[in-house]
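# Structural features, examined
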Amino acid sequence: MTHADLNTRLCAAVDDAFEAQVAFLAELTAHPSTRGNEQSAQEFMAHALSARGYEVDRWQIDLADIQHLPGFSPVIGDYEDAVNVVGSHRAQSGGRSLILNGHIDVVPEGPLDMWDSPPFSPRVADGWLYGRGGGDMKAGLVSNLYALDALAACGLAPGGDVFYQSVVEEECTGNGALACLARGYRADAALIPEPFSEQLVSAQLGVVWFQVHLKGRPTHVAYAGSGANAIEAAIPLIKALHEMEHRWNAPDRRSPDYAHAEHALNLNVGKIEGGDWASSVPAWCVFDVRMGLFPGQSLAAAKAEIEQVILDAARENAFLRNALPEIVYHGFHAEGYALSQDSSAKAQAAIAALEGAHSAATGTALQRQAITATTDARFFGLYADTPALVYGPHAEGIHGFNERVDLDSMRRVTKATAMFIADWCGVEPR
């Protein structure tokens, strides 16, 4: 069978199973797999992998296994509900191995009245599937699975070992992917179908999350002048952090992939809490911040600068200089990662294989983009010497309302993924 004939058969197999693929995506999206609630979705994935004959590894993440490793992100609370699922195919032919990685966790849905239809009651309309997590990134998880199904429908299996990973924690730490590395899963390349519109992610930013804790002195508002308002004290600190954000985006501080981006790094004050009573001057305030980092930017140096900025601003405040803020890190401690800077033969071969598969599936050349978010690709690229290709379908409204994924795009990505697996790993009879 020629390479072209195999591609034709794989694409036909994807088309033949596509109605079932959409139904599978809808069922998976119906699982409300926000952080801590992924178990039912992971059980669904484990069953699907087992039914297909894969060796299934399902385990609860133990912080003791990962907290000493590069890339670990600190967490608040326990990990009793953090479960990973990996399905393994062990090949006979000794071809190049592959990790197919995706995350099962989704971000919170927000106010339900902001959705046109319930976020966990997925619906299909006009070529789109609507629902929280349908785009980010359950369509990618399903694409990986049905790409493997396409090979099976042709009587074939990958000629190299393939590890299908459904991980938790991508949206807040990445510790799920790190736990897979700690468990020993390694391969020659990784493919992560995040929803970036059928483009190859050439670079991604790092991200650090932190909380700033302020404490005031409570008093009745009638005597507000003698108290310290912890909520109002946060305002000059937030202003100073935004000034830092502006400095970090200066042209002389940008990495090459973001040289022409005016404002790639974004600081977001995503949550603020404080006070206990409308007629009491608030005695406490906590605000949560997300800040981006360029690839190659030192995480330790970034944290030191963040801390200095906050403390310098606090010392200029009459109250805060006597009650300095406490900075607590939790969630993302993520370095940036640039596939574009990996000049290894392995990376170039993987990119070339994906370029060929994408061209065969779409009739167009594979475009590249440097994104202003982070993905689990960093674990493979930075800590496991594994080129990580981020390439997935087109989606809209991710992390927002009325999230939706383009089903024709998912079909094309599934075809490209099947052809990429066949080219990268080779094939053998089932």
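The preceding data block contains the structure.
Now for a look at the structure at hand. Please read all numbers here as calculations on a predicted model, not as lab measurements. (Residues numbered from 1 in each chain as written. Predicted model: local features only at pLDDT ≥ 70, side-chain atom pairs only at ≥ 80, totals over all residues. Heavy atoms only, no water.)

### A few points about the overall build of the protein
We count it as follows: Helix numbering and strand numbering both begin at the N terminus, where a helix is a DSSP run of H or I of at least 4 residues and a strand a DSSP run of E of at least 2. Radius of gyration: over C-alpha atoms. The globule rule applied is 2.2 Å multiplied by the number of residues raised to the 0.38 power. Under the scheme applied here, a residue whose accessible area is under 20% of the maximum for its type counts as buried, over 50% as exposed, and between as partly exposed, the area being computed with a 1.4 Å probe on protein chains only. Here, residues are in contact when the closest pair of their heavy atoms is within 4.5 Å. To be clear on the numbers: accessible area is Shrake-Rupley with a 1.4 Å probe, and residue cover counts the displayed protein chains and nothing else. In this tally Asp and Glu are treated as negative and Lys and Arg as positive; neither His nor the chain ends contributes. Charge coordinates come from a single atom per side chain, which is NZ of Lys, CZ of Arg, CG of Asp or CD of Glu.
When helices and strands are counted, the protein shows eleven helices and 19 strands. Rg of the C-alpha trace for the protein: 23 Å, near the compact-globule value of 22 Å for 430 residues, within the 12% margin. Projected onto the principal axes, the alpha-carbon positions of the protein cover approximately 85 × 45 × 40 Å. In the protein, buried positions account for 55% of the 430 residues. Partitioning the intrachain contacts of the protein with sequence separation of at least 6 by distance along the chain shows that 82% fall at a separation of at least 24. Total accessible area on the protein is roughly 17400 Å²; 50% of this is exposed by carbon and sulfur atoms. Side-chain charges in the protein split into 30 positive and 53 negative, and the spacing between the mean points of these groups amounts to 3 Å.

### Digging into the state of the cysteines
Note on terminology: a disulfide is the covalent bond linking the sulfur atoms of two cysteines. For clarity, the cut-off: The term disulfide is used for any two cysteine sulfur atoms that are within 2.5 Å.
Under the definition given, this model contains zero disulfides. Unpaired in this structure, C11 has its nearest cysteine sulfur neighbour in C154, at a distance of 9.5 Å. The exposure class assigned to C154 is buried, which follows from its relative accessible area of 10%.

### Let's talk about the sheet that holds strand β14 (residues 337–338)
Definition in use: One requirement defines pairing of two strands: DSSP has to find at least two bridges between them.
The mixed open sheet is built from three strands, whose spatial order is β14-β9-β15. This sheet does not close on itself; its edge strands, each paired only once, are β14 and β15 (368–370).

### Re the packing of helix α9 (residues 345–362) against helix α11 (residues 407–425)
So the rule is basically this: Note on definitions: angles span 0 to 180 degrees between N-to-C directions of axes, and those axes are lines fitted to C-alpha atoms, for helices only across the stretch in contact. Reported orientations rely on four angle classes, namely roughly parallel under 35 degrees, roughly antiparallel over 145, roughly perpendicular from 65 to 115, and oblique for the rest. A crossing counts as left-handed when the near helix is turned anticlockwise from the far one by less than a right angle, and as right-handed when that turn is clockwise. Under the scheme applied, nonpolar residues are Ala, Val, Leu, Ile, Met, Phe, Trp, Tyr, Cys and Pro; charged residues are Asp, Glu, Lys and Arg; polar residues are all the others, including Gly.
The contact between α9 and α11 brings their axes to 8 Å, and the two run at 135°. Between α9 and α11, the interaxial angle falls into the category oblique. Where α9 crosses over α11, the handedness of that crossing is right-handed. Residues K346, A349, A350, A353, L354, A357, H358, A360, A361 and T362 of α9 form the contact with α11, whose participating residues are R412, K415, A416, M419, F420, D423 and W424. Across the contact of α9 with α11, the residue classes break down as eleven nonpolar, two polar and four charged.

### Things to note about the pairing of strand β12 (residues 284–293)
Remember that side chains alternate between the two faces of the sheet whenever the strand is regular. Extensive coverage of β12 is indicated by the burial of nine of its ten residues. Bridge analysis of strand β10 (residues 206–215) against β12 gives ten bridges, and the strand direction is antiparallel. Bridge pairing in β12 places F210 opposite V289. Here strand β11 (residues 267–274) runs beside β12; their pairing, made up of seven bridges, is antiparallel. For N268, the partnering residue across the bridge sits in β12 and is R290.

### So, unusual backbone geometry
Residue M137 follows D136 across a cis peptide bond; omega there is -10°. Unusually for a residue other than glycine, D385 sits at a positive phi of about 50°. On the secondary structure map, D385 appears in the loop between α10 (377–383) and β16 (388–390). In this structure, H399 takes a positive phi of about 65° despite not being glycine. By the element assignment, H399 lies in the loop between β17 (395–396) and β18 (404–406).

### Structural notes on the environment of M1
Positionally, M1 belongs in the segment before α1 (3–16). Taking relative accessible area as the criterion, M1 reaches 62% and is therefore assigned exposed. Sequence-wise, M1 and S344 are 343 residues apart; in three dimensions their C-alpha atoms are separated by 31 Å. Apart from the residues within four sequence positions on either side, M1 is in contact with L6 and R9.

The analysis is restricted to geometry; functional conclusions fall outside its scope.
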